There are 2 protein chains.
Amino acid sequence: MRLLQERIRKDGRVLPGDVLKVDSFLNHQLDVPFLCELGKEFHRLFSDCGITKLLTVEASGIGLACLTAQYFGVPVVFAKKSKSKNLSDSVFSSSVESYTHGNTNTVIVSKQYLSPDDTVLIIDDFLATGSALKGLLDICRQAGAAVAGCGIAVEKVYQGGGEELRAECRVESLARILSMSVENGIEFFGD
Amino acid sequence: MRLLQERIRKDGRVLPGDVLKVDSFLNHQLDVPFLCELGKEFHRLFSDCGITKLLTVEASGIGLACLTAQYFGVPVVFAKKSKSKNLSDSVFSSSVESYTHGNTNTVIVSKQYLSPDDTVLIIDDFLATGSALKGLLDICRQAGAAVAGCGIAVEKVYQGGGEELRAECRVESLARILSMSVENGIEFFGD
C-alpha cells in the first residue's frame, strides 16, 4: 500500500538493533484518520470472507483493530497478556515470545468470545518473527474458529515470520520491508 | 448516559470483590459500533474545548480513545506501562497504583507527543480510585499541556477517585455507579 510506505519513509526512523520507530503514527501516538485508511484497505481485501470478529493482542494492535472493525461492523476481541501461571479454565491461552523484549508472555482470550461460529480476521501492527500471530492462530484453533487471514500493517519480510505464517493462512501486509539499515534506509517489496 | 447504563444492566456482571465485569463489550471484547456512540457523546460534551489530542493508557482505554478521536479529528496518544526503572530522559513518567492488580506501574509518554501547544482530553474506560487518571494528569502537567477534562465510560462513584479528580479538572462519566453488590445489583446516579 503506497500510502503506508510513503508514511514510513517520511516519519519512520531506522535505529540500530533492527528497530523501526513508527511511534509518531502507529504504536504510541496514533494518527487515527490515517489508521482508518489502513482499516478500509483491510476491509477491501477481506470484505467477502464473512468475517464475524477481529482478533488482536494488547496493546498496540487495539487501535488499528477497532478502527478497522468499523468497516466490517463486527466486534474486536483483544488477547490479554497474562502474568499469572494459574489460568482459569475459562480462557484459551498460548505462549508468545517477544522479540523486542526478549521474554515469553502468555496471551489469553476468554472462551466466551471465540467459538466455532466465528470467522476471524487477525489484525496486528507488526509482523516480524510472527510469534504473536502464531499464538493468536493457536487460540483460534483451540476455539474451533475459522481464520480468514491476518491483516498486518508492517511486515519485516527478512525476519521470516511471514513466510511461516503463509503456510498456515492468508497474510496481507500493507507494507513489506525487504531490508532495512541505518545506513541504507528501507527497501520495500515492490520498490 | 441512558444507553450505557442499560447496557451495563443487561450485559454487566457484578462479582464478589467489588468487580464489575463488562468484558463482553468494553474491555476484552469491544462492541465497536456501541463504543462509537460513547465517542459521539464525548465529542458532544467536549466539542467546543479546542481539543488537539486524546490521551489514554494501555490497554483497555485504547479502543474507546481511538473511536472517540475520529469525531474530534485528532490523534490519540496512549501512555505505556514500563517495567524498566531506567527511563530515558526522552519520556514523561508518573507512578500509577493498580487497584485491580495490587501493584504499582510507571506509565510513560514520549516527550515528542505532548507539548504546551496541546489541549488534551483524557479518555479511559473506568474511574475508581482515579490513580491512572492522576498519573495522566501529572504527565500533562509535566508537558505543560492544557487539560480540557476527562471522559470516562464507567465511574464507581463510591471509590472516591471522581471527587478528588473533579477538584483538579472537569470529569464527565457516562455511567456513574453509586453502589453495587452481588445481592442488590447496581444503583446508578440518576436512577
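Predicted model, so just to flag it, every value in this text is computed and none were measured.

S.K.: Would you mind showing me how to read the relation of the copies chain A and chain B here?
M.R.: Each of the two chain copies can be generated from the other by rotation about an axis followed by a shift along it. The operation relating chain A to chain B is a screw motion whose rotation component is 180 degrees, with 0.0 Å of axial translation and a residual RMSD of 0.0 Å. These values place the two chain copies in the arrangement generated by a two-fold rotation axis. When the interface residues of chain A are mapped onto chain B, 100% of them again lie at the interface, so the same face is used by both copies.

S.K.: Is there a simple way to explain the packing of aromatic side chains in this structure?
M.R.: Two aromatic rings, taken as a pair, are described by how far apart their centres are and by the angle between their planes. Under the counting rule described, the total for this entry stands at two aromatic pairs over all chains. Ring geometry for A:Phe25 against A:Phe34: centres 5.6 Å apart, planes inclined by 90 degrees, an arrangement best described as edge-to-face. Here the basic side chain of A:Arg170 rests over the ring of A:Phe46, its NZ or CZ set 4.2 Å away from the ring centre. The residue whose ring lies beneath B:Arg176 is B:Phe189, and the NZ or CZ to ring-centre distance is 4.8 Å.

S.K.: Please clarify how the interface of chain A and chain B should be interpreted in this entry.
M.R.: Note on interface size: it is often stated as the accessible area lost on association of the parts. Contacts between the two partners involve 30 residues from chain A and, on the opposite side, 30 residues from chain B. On the chain A side of the interface with chain B, the three residues burying the most area are A:His28, A:Gln29 and A:Tyr113, jointly 27% of the side's total. In this structure, the connection of chain A to chain B is made through zero salt bridges. The interface formed by chain A and chain B includes 15 residue pairs in polar contact (both at pLDDT 80 or more). If you list the elements that add at least two residues to the side of chain A that touches chain B, you get strand E3 (29–30), helix H2 (32–46), helix H3 (62–72), strand E5 (76–82) and strand E7 (103–110) of chain A. Per element, the largest residue contribution to the side of chain A that touches chain B is six residues, and it comes from H3(A).

S.K.: Hey, could you run me through the layout of surface pockets in this one?
M.R.: A water-sized probe rolled over the atoms picks out the places where empty space is left. All names here are of chain B. A volume near 150 Å³ is recorded for the second largest pocket. Every residue along the wall of the second largest pocket is listed here: Ser 94, Ser 95, Val 96, Glu 97, Ser 98, Tyr 99, Thr 104, Thr 129, Ser 131, Lys 134 and Gly 135. The set of elements that each furnish at least two residues to the lining of the second largest pocket consists of strand E6 (91–98) and helix H4 (131–143). Considering every element that reaches the lining of the second largest pocket, the biggest residue donor is E6, with five residues.

S.K.: Whenever I open this one, the pattern of salt bridges confuses me. Can you help?
M.R.: Two side chains bearing opposite charge may form a pair once their charged atoms approach each other closely. Considering all chains together, one arrives at 28 salt bridges over all chains under this definition. Its salt-bridge partner being B:Lys134, residue B:Glu164 comes within 2.7 Å of it at the nearest N-O pair. Of the two residues, B:Glu164 sits in helix H5 (residues 161–166) while B:Lys134 sits in helix H4, which places them 30 residues apart along the sequence. Given the relative accessible area of 45%, B:Glu164 is considered partly exposed. Each of A:Arg7, A:Lys10, A:Asp11 and A:Asp31 takes part in salt bridges that share partners, so that together they form one network.

Conventions and cut-offs
- Residues numbered from 1 in each chain as written.
- Chains lettered and ligands numbered in written order.
- Predicted model: local features only at pLDDT ≥ 70, side-chain atom pairs only at ≥ 80, totals over all residues.
- Heavy atoms only, no water.
- Least-squares fit on C-alpha atoms with pLDDT ≥ 70 in both.
- Contact = heavy atoms within 4.5 Å.
- Phe/Tyr/Trp six-rings, centres within 6.5 Å; stacked < 30°, edge-to-face > 60°.
- Lys NZ or Arg CZ within 6 Å of the ring centre and 35° of its normal.
- Buried area = accessible area lost by both parts, 1.4 Å probe.
- Salt bridge = Lys/Arg side-chain N within 4 Å of Asp/Glu carboxyl O.
- Polar contact = N/O pair within 3.5 Å; in protein donor to acceptor, adjacent residues only side chain to side chain.
- Helix = DSSP H or I, 4+ residues; strand = E, 2+ residues; numbered from the N terminus.
- 1 Å grid on protein atoms, 1.4 Å probe; cavity = no way out; pocket = protein on both sides within 12 Å on 5 of 7 lines; lining within 4 Å.
- Points joined across faces, edges and corners; volume = space filled by probe spheres on them.
- Buried < 20%, exposed > 50% of the residue type's maximum accessible area, 1.4 Å probe, protein only.

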